[in-house]
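Letter by letter, the chains look like this.
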Amino acid sequence: MNWNMVCTKDDLIEDAGVAAMINGEQVAIFFLPQTQEQIFAVSNWDPVGKANVMSRGLTAHLQDQWVVASPLYKQHYNLMTGQCLEGECTLKVWPAKIENDQVLIES
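Residues numbered from 1 in each chain as written. Predicted model: local features only at pLDDT ≥ 70, side-chain atom pairs only at ≥ 80, totals over all residues. Heavy atoms only, no water.

### Regarding the sheet that holds strand β8 (residues 65-69)
Here is step 1 of the chain: The sheet built from three strands is open, its strands ordered β7-β8-β9 with antiparallel pairing. Edge positions in the open sheet fall to β7 (58-62) and β9 (76-78), since each of these has one partner strand only. Ignoring which end each strand starts from, the neighbouring axes of this sheet average 35 degrees apart.
Here is step 2 of the chain: Inspection of the sheet shows β7 paired to β8 by five bridges, in the antiparallel sense. Note that in β8 the partner of Leu-62 across the bridge is Gln-65. (Pairing = 2+ DSSP bridges. Helix = DSSP H or I, 4+ residues; strand = E, 2+ residues; numbered from the N terminus. Axes fitted to C-alpha atoms, helices over the stretch in contact; angles between N-to-C directions.)

And the structure:
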């Protein structure tokens, strides 16, 4: 596995998502500075809505976990595991970190 720089910390928006491409796949990157992890990377593909929109979702702390709500049908996905709280579908998750103000995603 390799760590790939996808953007800088300055490109991120606190408590919101941005989209990036990793090896031909769209990834939604969320910057939650109040969490221990601070950075989360999940698939931008909404498996229910069938569109690349997850980076536009709203983040929240729900049922003791950090989630993103799909902007289309409002399913909540755990940002650590990708698991949907309301169903059986999941989002792909990538290891992510911020190092020297660079956002790195493992692929």
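### Examining the environment of Asp-46
Here is step 1 of the chain: On the secondary structure map, Asp-46 appears in strand β5 (residues 45-46).
Here is step 2 of the chain: For the pair Asp-46 and Gln-34, spaced twelve residues apart in the sequence, the C-alpha separation amounts to 25 Å.
Here is step 3 of the chain: Residues within four places of Asp-46 in sequence aside, it is in contact with Ala-51, Val-53, Met-54, Ser-70, Leu-72 and Tyr-77.
Here is step 4 of the chain: A polar contact is formed between the side chain of Asp-46 and the backbone nitrogen of Val-48, at a distance of 2.9 Å. (Contact = heavy atoms within 4.5 Å. Polar contact = N/O pair within 3.5 Å; in protein donor to acceptor, adjacent residues only side chain to side chain.)

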